[in-house]
Every structure is written in structure tokens, then in C-alpha cells.
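Here are the chains, one letter per residue:
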Amino acid sequence: MGTQAVVRAFEDIKAALAVLSAEVDGAGSEPFSQADPLAGLADGCLDILAGSREVEAGIAAVKAKAAVKYADSACAVAGPDVPVHAQEMAVAAEIGCVLALGPRAASSFLSTSYALRSTLPRTLEALQAGVLSWQHAVVMADEAAGLDVAGAAALEGHFLNPDAADPARGCPVGQMPAHRFKAKARTWRERHHAESIEVRHAKGVADRRVEFRADQDGMAWLSACLPADQALAGWNRLTAISRAMQGPEERRGMPQLRADNFADAILGSGATDDRHTAAGVVEGAGLPSSPIRAQVLVTVPVFSLMGMTDEPAMLDGYGPIPPSMARDLVANGADSFYRVLVDPRDGAPLEIGRTGYRVTGAMRAWLRMRDGKCPFPGCSNNSLDNDADHILAWAKGGTTGIANLGQPCPKHHKLRHSTGWQPTPATKNEPPGWTSPTGRHYQSEHQDWEPPRWPEGLSVGGIDVVHHRGSPWEDALDRFLRAHA
């Protein structure tokens, strides 16, 4: 295997793995703690997990660099007579055989490796340092794929450069699961893509479809690619109706209720029947005609709402949507969608639409704006289905204010009150973090609010707002917002 240096390096790695394995088995040269060996072993295993994550990332970076270097060398050796496509297939096939990957997975691995070397140097550096995992690097490469060089650099800078003009806030990228990073990276990409989101959305609408995929045990998947507002509204309505059907006599869980209501809706039986088999599976359960409507927040930059810019709006539980969709929801979805205007100065929430502001759930709506989802690390549970929870209990002197409230999902709400996991203090604009029973602190994700884009040549009260940021302009802006709220 390669040079003697390579052989020795892998021998050292294998020896180190043997040492770590012995430590985990409690057969190390000395216990983690003389005073409390069991507690010491538990804490030591967490240290081993953390260190393994960093080493795995470093090895992933070496694999990526080695794959690219092999591909370049193999192409150079093959010469110009071999067709490019055939050479690419040959290279991917060789890498696939070495790593035991299928053709598609091998090609994807090689594509991501090339992206890291050519356009994502910060990501490769973070991977080598153990700050990011390979899954995070794949997300970065996927989201940067449709961007130009400057756009890819800006994407990297936002999440990986703490000195960027507007860096990501809250939990660092490498400390959140890759699927949560994907949601944040997708949001940034939609906001900053050089091509208008309206144009890209039109292409997506043209590709809408329903797909069927067989699964095991007599089951199958039926999924639909729809405009985001339709898909999210359908999901939220299924959730609200299913939640209302729960009770002491209802043996089905939320996933089963959603599935049964969905099946009845598309099959059109129209009958409500909650009979169950011995296995607890519903027979012919119908979707009742229900007045329940899920209340969805649509965060709209004020100038985008007025049609003066084409900046994306934010649909709670989904992410960026075209401004035309947001304007339609605000105009035609008043019973289900609450408008949220954002301040043109800094992008912070400005007000909840008057219909939503006056309801008793206004504070809950503000929590949804602040957090976006359950604030527990890695959780993706949509804020619509979460609980309002005092961080410092009311019985212990806690107040009912935004800074003392979190909105954990039911699972993590129960975790908080039945184990040693505890939320940390929040603020009006930042959700709580969490402290584990071992004393480790984990940051929650923060909403990445951005100042809206200003339309060219806008004048408020006779003041050119593009060039002025003083008190007269502030007063004029306040009058402007009140007039158009």
C-alpha cells in the first residue's frame, strides 16, 4: 500500500483505534476517574465520541483530496485519445470499487470532492480541521452548485467566516445536524441566488408531479412535489385535524392519523369511521369536513409586499418563497395566513398583521417568529405544533414574557420535565440553548434575519432613504410604514 510513510500512518491509526476501543471497554491503562469509575467512563465515552467526529471529518477530507488527485492523475495517464465521458466513468468506477460504493454514489462523492477543491476552500479547510462533517460538506456543495464563483464564496463566508459582513448567528454550522444546516443553507441560497426566485419558482411549478415508490411489507410511498404554500397548508391542516381527533379512545398516533386522513382525502370516500382492527389500524377512516385551519406566518419584506422589490418572503415551516406567492397568501389566505412585516432597517420582525396581533395567541406567534422551530439542538419540528413553556417556572418566580418562554415540541417538552436536560435563558430575539445532564451546553439555531433590499430611487417624505440614515429619515419611515401597514 503506497509508500512506507503511508503504511506506517495507517498502522498508527489502527493502533490508536485499538487504544480507544480498550478505553471504551473499560480495559484502558487507567480509569477515567479514580473517585467514580462509572461516571468517569460515561464522560470519557462522550469525549471519545467528540474526538471521533473530528477524526472522521479529517479522514473524509483526505479521502476527498485523494480522490481528486487520483482522478487528475488517471486522466493525465490516459491521454487525449480516451473520450472524456468514458474516462470519467472509468475513474468513478475505480473509486467506487475501492470505497465499495455504487456508480451513482461514487460519482456523487467525486463531484463533491472536486467542488471542495475548486470552489469551496473554506469548507475543505473546516473539514480538515474537524469542524464540519462530510455530510455538512455535501450540503455546502449541493447548495453552491447553482451559484457562480462569487455566490459560492459568499455562501461559504456567511456560514464559515466569523468576520463576514453578516455571518450566521446562533449554533455554529458544525454543531448542528447536517439536515438542519441544509435548511439554513437553502434559505441563504434562495435569498442570494443571482437568478430571480420568481423565475426559478416558475420552472419548479412546471415540474410539479406526484410520484409512487414501492416499499417493503406491502407498503408504498405516494408523494407530491407542489408549490410550497399548497404543500405546507396541506401538511398543517392534516396536523391540525389529526391533533383534534386525539383523545382517550383514539388508539392511533399522529403519524397514523395523518396517513389515514391523507388517504381518505385523495380517495374521496368522505365517510368518517374510527373503527379499529385488533392491531390498531383504522378501517375506512374518513377525513371529516372540518373548519380547522392551521395559522401560518408569512414574513414579508415590506417593499416586497408592495411589489417594489422581488425579494423572497419567508413561509414559516418551509423557508423562502416568491413574493408573488406571499402577496397572494396575504390577500387571499387571511383565515389561515398571518402577515408579518419586517423592518426595512435590519430585517427584524416589525408587527404581526392586525388579525393575528389581536388574538390571544399573539405571544405564541412572536415565539414562532423568534425560533422558527423547536429550539432543541437538531430538532426540525415545525413551530405550529410546539408548546409554549416557561424557562424559569412560574411557581419559581418566572414571568410570562418572551424572554422567559421557549416553544419545545411535545417530545422535548417532556424531555425537559422528566430528565436533567434544561433550557438556558432566552432573549426577545434569541431562543434558549440547552444544557445536558452532563453539564455540556449546546446552542440552539437562530433565525438568520437579513435587512430587506431597498428599491432604487425610493424617497420617503422627500428624503432619499438610500443615502440617509438619520432621525428625519426614521420619522419619515415610521409615517410610511403606518400608512402602508
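Let me begin by describing the structure that accompanies this report. (Residues numbered from 1 in each chain as written. Predicted model: local features only at pLDDT ≥ 70, side-chain atom pairs only at ≥ 80, totals over all residues. Heavy atoms only, no water.)

1. Notes on unusual backbone geometry
Alright, step 1. Despite not being glycine, Ala100 shows a phi value in the positive range, around 60°.
Alright, step 2. With respect to the secondary-structure elements, Ala100 resides in the loop between helix 3 (84-99) and helix 4 (103-118).
Alright, step 3. Located in the positive-phi region is Asp217, a residue other than glycine, with phi close to 60°.
Alright, step 4. With respect to the helices and strands, Asp217 occurs in the loop between strand 1 (209-214) and strand 2 (220-225). (Helix = DSSP H or I, 4+ residues; strand = E, 2+ residues; numbered from the N terminus.)

2. Observations concerning the nonpolar core
Alright, step 1. Counting residues in hydrophobic clusters, the biggest one holds 36 residues, and the most contacted among them are Leu116, Leu120, Leu127, Trp134, Phe159 and Phe181.
Alright, step 2. For this core, the secondary-structure elements that each account for two or more residues are helix 2 (37-78), helix 3, helix 4, helix 5 (121-128), helix 6 (134-144), helix 7 (149-160) and helix 8 (178-192).
Alright, step 3. With sequence-adjacent residues up to four places away left out, Phe159 is seen in contact with Met140, Ala168, Val173, Phe181, Lys184, Ala185, Trp188 and Asp448.
Alright, step 4. Within the second largest apolar cluster, eleven residues are counted, among which are Ala228, Val298, Val300 and Leu305. (Core = buried A, V, L, I, M, F, W, Y, C linked by side-chain atoms within 4.5 Å. Buried < 20%, exposed > 50% of the residue type's maximum accessible area, 1.4 Å probe, protein only. Contact = heavy atoms within 4.5 Å.)

3. Quick notes on the pattern of salt bridges
Alright, step 1. Taken as a whole and judged by the stated rule, the model has 14 salt bridges.
Alright, step 2. As a salt-bridge pair, Arg440 and Asp47 come within 3.0 Å of each other at their nearest N and O atoms. One end of the pair, Arg440, is in the loop between strand 11 (434-435) and strand 12 (441-442); the other, Asp47, is in helix 2, with 393 residues separating them in the sequence.
Alright, step 3. A salt bridge links Glu445 to Arg180; the shortest N-O distance between them is 2.8 Å. You can see Glu445 sitting in the loop between strand 12 and strand 13 (459-460) and its partner Arg180 sitting in helix 8, a full 265 residues away along the chain. Side by side, Glu445 and Arg180 carry an identical accessibility label, which is buried.
Alright, step 4. Via salt bridges that share partners, Asp43, Asp47 and Arg440 belong to a single interconnected network. (Salt bridge = Lys/Arg side-chain N within 4 Å of Asp/Glu carboxyl O.)

4. A few points about the packing of aromatic side chains
Alright, step 1. Scanning the model with the defined rule gives five aromatic pairs in all.
Alright, step 2. A centroid spacing of 5.3 Å and a plane angle of 50° characterise the contact between Phe109 and Trp134, whose relative ring orientation is tilted. Taken together, the positions of Phe109 in helix 4 and Trp134 in helix 6 put the pair 25 residues apart, joining distant regions of the chain. Like Phe109, the residue Trp134 is buried in the burial classification.
Alright, step 3. When the centroid spacing of 5.2 Å and the interplanar angle of 85° are considered together, the rings of Phe159 and Phe181 count as edge-to-face. Highlighted residues: Phe159 in helix 7 and Phe181 in helix 8, separated in sequence by 22 residues.
Alright, step 4. When its relative accessible area of 9% is taken as the criterion, Phe159 is described as buried.
Alright, step 5. Judged by its relative accessible area of 0%, Phe181 is buried. (Phe/Tyr/Trp six-rings, centres within 6.5 Å; stacked < 30°, edge-to-face > 60°.)

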